[in-house]
Amino acid sequence: MAEKVRAYKLFERRRLKDVGTAFEKREARRRIAEDLVMVTSEGPWRLFSPYLRRLEKLGFSTMDGRLLACVMSAKASKGSVAGVRKTAELIMDIERRTRGQKYHPALWEEINSALTRARRFAGLDSEKGLVAGPKRRKKPRARARHSAE
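Peer 1: Please clarify how the overall build of the protein should be interpreted in this entry.
Peer 2: If you tally the helices and strands in the protein, you get seven helices and zero strands. When burial is assessed residue by residue, the protein has 36% of its 149 residues classed as buried. Taking the contacts inside the protein whose residues are at least 6 apart along the sequence as the reference set, 66% of them involve residues at least 24 apart. Of the roughly 10,700 Å² that the protein leaves accessible, carbon and sulfur atoms contribute 52%.

Peer 1: Any chance you could explain the nonpolar core here in plain terms?
Peer 2: Soluble, globular proteins show a tendency: their nonpolar side chains are buried together. Phe48, Cys70 and Leu115 are the most contacted members of the largest nonpolar core, which has 30 residues in total. If you tally residues by element for this core, the top one is helix 4 (residues 63–76), at seven residues. Those residues in contact with leucine 115 that lie beyond four places of it in its chain are Leu67, Cys70, Ile91, Ile94 and Glu95.

Peer 1: Quick question: what am I supposed to make of a positive patch on the surface here?
Peer 2: On the surface, a cluster of positive charge is made up of Lys9, Arg13, Arg14 and Lys17. Here lysine 17 shows up in helix 1 (residues 2–18).

Peer 1: What's the story with the pattern of salt bridges in this structure? I'm lost.
Peer 2: Once their charged atoms are close, side chains differing in charge can pair, the charge on each being opposite to the other. In total, this model carries 10 salt bridges according to the counting rule given. Put simply, glutamate 42 and lysine 75 hold a salt bridge, and the shortest N to O gap is 2.8 Å. Residue glutamate 42 is located in the loop between helix 2 (22–40) and helix 3 (45–58), and its partner lysine 75 is located in helix 4; the two are separated by 33 residues in the primary sequence. Note that glutamate 56 is salt-bridged to lysine 86, the shortest N-O span being 2.8 Å. Remark: lysine 86 occurs in helix 5 (residues 81–98) and glutamate 56 occurs in helix 3; sequence separation between them is 30 residues. Among the residues examined, glutamate 56 registers a relative accessible area of 27% and is labelled partly exposed.

Peer 1: Please clarify how the environment of serine 77 should be interpreted in this entry.
Peer 2: One can find serine 77 in the loop between helix 4 and helix 5. Classification of serine 77 as buried rests on a relative accessible area of 0%. Placed 34 residues apart in sequence, serine 77 and glycine 43 show a C-alpha to C-alpha distance of 9.2 Å. Once residues lying within four places of it in the same chain are set aside, the contact partners of serine 77 are Trp45, Gly83, Val84, Thr87 and Ala122. A distance of 2.8 Å separates a polar side-chain atom of serine 77 from the backbone oxygen of alanine 74.

Reading the values: the criteria
Residues numbered from 1 in each chain as written. Predicted model: local features only at pLDDT ≥ 70, side-chain atom pairs only at ≥ 80, totals over all residues. Heavy atoms only, no water. Helix = DSSP H or I, 4+ residues; strand = E, 2+ residues; numbered from the N terminus. Buried < 20%, exposed > 50% of the residue type's maximum accessible area, 1.4 Å probe, protein only. Contact = heavy atoms within 4.5 Å. Areas by Shrake-Rupley, 256 points an atom, 1.4 Å probe, with all protein chains shown as cover. Core = buried A, V, L, I, M, F, W, Y, C linked by side-chain atoms within 4.5 Å. Patch = residues over 30% accessible without salt bridge, like charges linked within 9 Å, V, L, I, M, F, W, Y side chains within 5 Å. Salt bridge = Lys/Arg side-chain N within 4 Å of Asp/Glu carboxyl O. Lys, Arg positive; Asp, Glu negative; His and termini not counted. Charge placed at Lys NZ, Arg CZ, Asp CG, Glu CD. Polar contact = N/O pair within 3.5 Å; in protein donor to acceptor, adjacent residues only side chain to side chain.

Dropping the structure here:
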């Protein structure tokens, strides 16, 4: 896996030198990030999560890409509370985005199949699984210091 990641990074450096427009550079980065998400999904969450964040920052090109990232996130989340939490967030985001949409029945079947697979991989098979685990606590806000003048 480490060699594949190095190869993608080297390819990206070389590829971006040849690309002209900002749109083409962003699209090349997005596609490489999608590939890196697939490659690193077999590893631990700590190696996978930076590439998922990168892909989210670049934006998903299609709903298929979003679904694929969700399933890959679920595969990488094994043994990680943060990974399961992120996978649950991705599942809820996809459900929110697809709610009320008029898709072909075959496409609905594909979406539901991918979400079911993601839930199973992440251990979120039941309703109880979505809320299980400790919630992320917010950092306390720093208090403003008032100087005595």
